[in-house]
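Chain residues, written in single-letter form:
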Amino acid sequence: MIIGSHVSFTKEQLLGSTKEALSYGANTFMFYTGAPQNTLRKEIDKNLTEEAYRLMKENNIDIKNVICHAPYIINLANRKEEEKWQFSIEFLKKELTRCDALGVSYLVLHPGSSVGLSKEEALQNIIDALNETLKNNYQCLILLETMAGKGTELGNLEDIKTIMTQVKHPLGVCLDTCHVNDAGYSLINFDEFLQEFNNTIGLSYLHCVHLNDSKNPCGSHKDRHANIGYGTIGFKTLETICYHDKLKDIPKILETPYVGETIEDKKRTYPPYYFEIKMLKERKFDDKLLEHIHEKYKELK
Ligand code: FE
Ligand code: FE
Ligand code: ZN
């Protein structure tokens with residue numbers, strides 16, 4: 001099983017990310033090259049990258065399974081202001097260059113939000129933007145993420161299929177379990193869902209799974225992640241996805257919320273990943289997640 005979580009990148013770049021992932025008992029991870037809400041980015045440091053490779057090698061982390069996530073502010077769908085659309089394209093190109101410098105194979109990207117445009121126009125803008133971006137050759141492959149359909153967000157299986165068939169360059173897909181649940185695809189019978197995914201997009205394009213529970217029921221279009229086993233998808237289904245034979249070589253990345261005094265508390269929070277990874281490895285739901293997190297992090301309070 002290839003499993004990890006979202007980790008930070010800001011301290012020592014890839015080296016810091018690797019150290020954090022190891023502290024969670026993970027064998028892969030996902031990072032943003034800077035804050036997900038802005039486009040301020042530092043140069044990639046070669047020495048830190050080399051050191052990260054050494055640490056990964058010592059701990060059996062394969063760089064092929066490491067994922068980068070593009071910032072949310074890139075919106076390829078919106079071309080109402082030409083300069084902003086061009087800025088998104090330029091930023092995406094720089095992000096792919098950074099991924100190539102880091103040796104990272106996959107960059108997860110939200111397809112975009114139509115904000116006032118028709119769905120057809122919005123999809124066309126995404127297609128044009130990707131055709132423009134990918135004129136340059138990058139080693140790193142963009143993975144379009146399945147979205148919850150919150151607000152004017154695009155990114156159900158059909159949208160992704162439309163984009164992929166009209167972009168002239170290779171693309172892949174990242175399946176987010178919370179997002180597809182909220183978009184209205186039931187995961188309870190996961191084989192049925194995989195069949196639908198395979199018929200619409202093709203399983204061979206799937207390169208990453210975001211393994212999240214959801215705070216809301218199927219079809220709610222909300223996009224609020226819950227801790228593993230603490231949401232409406234439930235531990236059993238997430239465990240099935242984690243261990244599914246057809247997904248065994250695909251990295252599973254947790255993007256579940258940090259936990260505070262209560263599961264919902266947002267004031268002073270701690271990462272849940274060590275315990276969530278542990279329960280998935282042991283295939284046993286931990287109904288004392290909160291207590292275990294407090295125990296581990298109490299010295300930090
Ligand atoms: Fe995402
Ligand atoms: Fe996600
Ligand atoms: Zn989400």
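As a reminder, the structure under discussion sits directly above these lines.
These figures come from a predicted structure and were not determined experimentally. (Residues numbered from 1 in each chain as written. Chains lettered and ligands numbered in written order. Predicted model: local features only at pLDDT ≥ 70, side-chain atom pairs only at ≥ 80, totals over all residues. Heavy atoms only, no water.)

A word on helix H7 (residues 190-200). Within H7, the full set of buried residues consists of Phe190, Phe193, Leu194, Phe197 and Thr200. For H7, the buried positions fall inside an angular range of 130° around the axis, keeping them on one side. Turned more than 90 degrees away from the buried face of H7 sit Glu192 and Asn199, all of them exposed. Of the surrounding elements, those touching the buried residues of H7 are helix H5 (157-166), strand S8 (172-176), helix H6 (177-183), strand S9 (206-210) and helix H8 (235-243). (Buried < 20%, exposed > 50% of the residue type's maximum accessible area, 1.4 Å probe, protein only. Helix = DSSP H or I, 4+ residues; strand = E, 2+ residues; numbered from the N terminus. Arc of directions from axis to C-beta. Contact = heavy atoms within 4.5 Å.)

Let us now look at the nonpolar core. In terms of nonpolar packing, the biggest core is built from 83 residues, with Phe31 and Leu130 touching the most fellow members. Of the residues forming this core, the biggest block, 7 residues, is contributed by helix H3 (residues 82-102). Beyond its immediate stretch of four places on either side in the chain, Leu130 contacts Leu76, Leu92, Leu109, Ile142, Leu144, Ile163, Val167, His169 and Leu171. Residues Met30, Tyr106, Leu143 and Cys174 belong to the second largest nonpolar core, which totals 9 residues. (Core = buried A, V, L, I, M, F, W, Y, C linked by side-chain atoms within 4.5 Å.)

Bringing the packing of aromatic side chains into the picture now. Describing an aromatic ring pair means giving the distance of the ring centres and the angle of the ring planes. Scanning the entire structure with this criterion turns up 13 aromatic pairs. Ring centres of Tyr32 and Tyr72 lie 5.8 Å apart, and the angle between their planes is 80°; this geometry places the pair in the edge-to-face category. Taken together, the positions of Tyr32 in the loop between strand S2 (28-31) and helix H2 (46-58) and Tyr72 in the loop between strand S3 (67-69) and H3 put the pair 40 residues apart, joining distant regions of the chain. Among the residues examined, Tyr72 registers a relative accessible area of 45% and is labelled partly exposed. Ring plane angle 45° and centroid distance 5.8 Å describe the contact between Phe235 and Phe285, whose orientation is recorded as tilted. Here Phe235, found in helix H8, pairs with Phe285, found in the loop between helix H9 (273-282) and helix H10 (289-297); they are 50 residues apart in sequence, far enough to count as distant. Accessibility expressed as a relative area gives 11% for Phe235, which makes it buried. Residue classification places Phe285 among the partly exposed residues on the basis of a relative accessible area of 30%. (Phe/Tyr/Trp six-rings, centres within 6.5 Å; stacked < 30°, edge-to-face > 60°.)

Let us look at the coordination of the iron ion (ligand 1). Around the iron ion (ligand 1), the donor atoms from the protein are His69 (NE2), His110 (NE2) and Glu145 (OE), and they sit 2.2 to 2.3 Å away. Look at where the donors of the iron ion (ligand 1) fall in the sequence and you get H-x40-H-x34-E. Taken as a pair, the iron ion (ligand 1) and the iron ion (ligand 2) lie 3.3 Å from each other and share Glu145 as a ligand. Of this pair, His69 sits in strand S3 while His110 sits in the loop between strand S4 (106-109) and strand S5 (112-113), and the two are 41 residues apart along the sequence. (Donors = N, O, S within 2.8 Å, 3.2 Å for Na, K, Ca; no water.)

Let us look at the coordination of the iron ion (ligand 2). Ideal coordination angles are 109.5 degrees for a metal with four donors arranged tetrahedrally and 90 or 180 degrees for a metal with six donors arranged octahedrally. The coordination sphere of the iron ion (ligand 2), as far as protein atoms go, consists of Glu145 (OE), Asp176 (OD), His210 (ND1) and Glu255 (OE), spread over 2.1 to 2.2 Å. Around the iron ion (ligand 2), the 4 donor atoms sit at angles spanning 82 to 168°, and that spread fits a shape best called irregular. Read in sequence order, the donor residues for the iron ion (ligand 2) give the motif E-x30-D-x33-H-x44-E. (Tetrahedral: all angles 85-135°; square planar, octahedral: opposite > 155°, others 65-115°.)

Attention shifts here to the sheet that holds S2. If you walk around this closed barrel you meet the 8 strands as S1-S2-S3-S4-S6-S8-S9-S12, and the pairing is parallel. For this sheet, the mean inter-axis angle between neighbouring strands, taken without regard to orientation, is 30°. Pairing of strand S1 (residues 3-6) with strand S12 (residues 252-254), which is carried by 3 bridges, proceeds in the parallel orientation. Within S12, the position partnered with Ile3 by the bridge is Lys252. (Pairing = 2+ DSSP bridges. Axes fitted to C-alpha atoms, helices over the stretch in contact; angles between N-to-C directions.)

Take a negative patch on the surface next. On the surface, Glu158, Asp191, Glu192 and Glu196 cluster together into a patch of negative charge. Looking at the negative patch element by element, the count peaks at 3 residues for H7. Position of Asp191 among the secondary structure elements: in helix H7. (Patch = residues over 30% accessible without salt bridge, like charges linked within 9 Å, V, L, I, M, F, W, Y side chains within 5 Å. Areas by Shrake-Rupley, 256 points an atom, 1.4 Å probe, with all protein chains shown as cover. Salt bridge = Lys/Arg side-chain N within 4 Å of Asp/Glu carboxyl O. Lys, Arg positive; Asp, Glu negative; His and termini not counted. Charge placed at Lys NZ, Arg CZ, Asp CG, Glu CD.)

Throughout the structure, instances matching the rule amount to 12 salt bridges. Among the ionic pairs, Lys93 bridges to Glu132, the shortest N-O distance being 3.1 Å. Of this pair, Lys93 sits in helix H3 while Glu132 sits in helix H4 (residues 119-133), and the two are 39 residues apart along the sequence. By relative accessible area, Lys93 is classed as buried at 12%.

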